[in-house]
Structures are given as structure tokens and as C-alpha cells.
Amino acid sequence: MQNLLEIPWQDLPEDTFYRLVEEFVTRDGTDYGEHEVSSETKVNQVIQGIKCKEYIIVFNQEEGSAHICPGPFPG
């Protein structure tokens, strides 16, 4: 995991942060339970999760890409 760096969400430009969360929410058909949840609601839930450290943003130096992962960062 040495090629992964945790990126504080506050360090990202607001539009980049939002697009990263949107991509995470729409990447694969995440199941949010019995009731359909709007994309906007899902995005807001993930944003809150990031702010509460339920999710973290990591940068993969080898791939040159950022990802959202369950938090907290190991190590």
C-alpha cells in the first residue's frame, strides 16, 4: 500500500471533489436498500461519509488516479 496516499477532501477543488464523488456513486450499481435513492441523495451521503471519515480519498501514485475507499486509512 505504499503507493497510496490519503488526500484530505479539503485539499481538492470543490468541483473536482464533487465529480470524484459522482463517479464513485455511479461507478457500479451500489445497492442503497429497499427504496430507490436519487443520485443527488447518494452523492450527499457519500460527501457526509467522507467528512466523517467513513470514506477516504486515496491517490494511487502508480496509476495516477484517485479513488474513494472505506476509511480510515490503514497504517
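Placed above this text is the structure.
A. Fine view of the overall build of the chain. Helices and strands together make up the secondary structure of the chain, namely 2 helices and 3 strands. In the chain, which comprises 75 residues, the proportion classed as buried is 24%. Looking at the chain alone, contacts between residues at least 24 apart form 46% of all its contacts between residues at least 6 apart. Carbon and sulfur atoms make up 51% of the accessible area of the chain, which totals about 5400 Å².

B. The arrangement of the sheet that holds strand 1 (residues 4-7) in detail. The 3 strands lie next to each other as 1-2-3, forming an open sheet whose pairing is antiparallel. The open sheet has two edge strands with one neighbour each: strand 1 and strand 3 (65-70). Within this sheet the neighbouring strands show an average axis-to-axis angle of 40 degrees, counted without direction. In this structure, strand 2 (residues 55-60) lies alongside strand 3, joined through 6 bridges in antiparallel fashion. Within strand 3, the position partnered with Asn60 by the bridge is Ser65. Packed onto the sheet, helix 1 (residues 14-27) meets strand 2 and strand 3 and runs at close to 60 degrees relative to strand 3. Lying on the sheet, helix 2 (residues 39-51) is in contact with strand 2 and strand 3; it crosses strand 2 at an angle near 85 degrees.

C. Spotlight on the pattern of salt bridges. Following the criterion strictly, the structure yields 3 salt bridges and no others. Between Asp15 and Arg19 there is a salt bridge; the shortest N-O distance is 3.1 Å. On the criterion of helical spacing, the pair formed by Asp15 and Arg19 is a turn pair, its members being 4 residues apart in helix 1.

D. The side chain of Asn60, seen in detail. Relative to the assigned elements, Asn60 resides in strand 2. A polar atom in the side chain of Asn60 sits 2.9 Å from the backbone nitrogen of Glu62. In this structure the side chain of Asn60 is engaged in a polar contact, spanning 3.0 Å, whose partner is the backbone nitrogen of Glu63. Each residue touching Asn60, except ones within four places of it in the same chain, is listed here: Asn3, Leu4, Ser65 and His67.

Analysis parameters
Residues numbered from 1 in each chain as written. Predicted model: local features only at pLDDT ≥ 70, side-chain atom pairs only at ≥ 80, totals over all residues. Heavy atoms only, no water. Helix = DSSP H or I, 4+ residues; strand = E, 2+ residues; numbered from the N terminus. Buried < 20%, exposed > 50% of the residue type's maximum accessible area, 1.4 Å probe, protein only. Contact = heavy atoms within 4.5 Å. Areas by Shrake-Rupley, 256 points an atom, 1.4 Å probe, with all protein chains shown as cover. Pairing = 2+ DSSP bridges. Axes fitted to C-alpha atoms, helices over the stretch in contact; angles between N-to-C directions. Salt bridge = Lys/Arg side-chain N within 4 Å of Asp/Glu carboxyl O. Polar contact = N/O pair within 3.5 Å; in protein donor to acceptor, adjacent residues only side chain to side chain.

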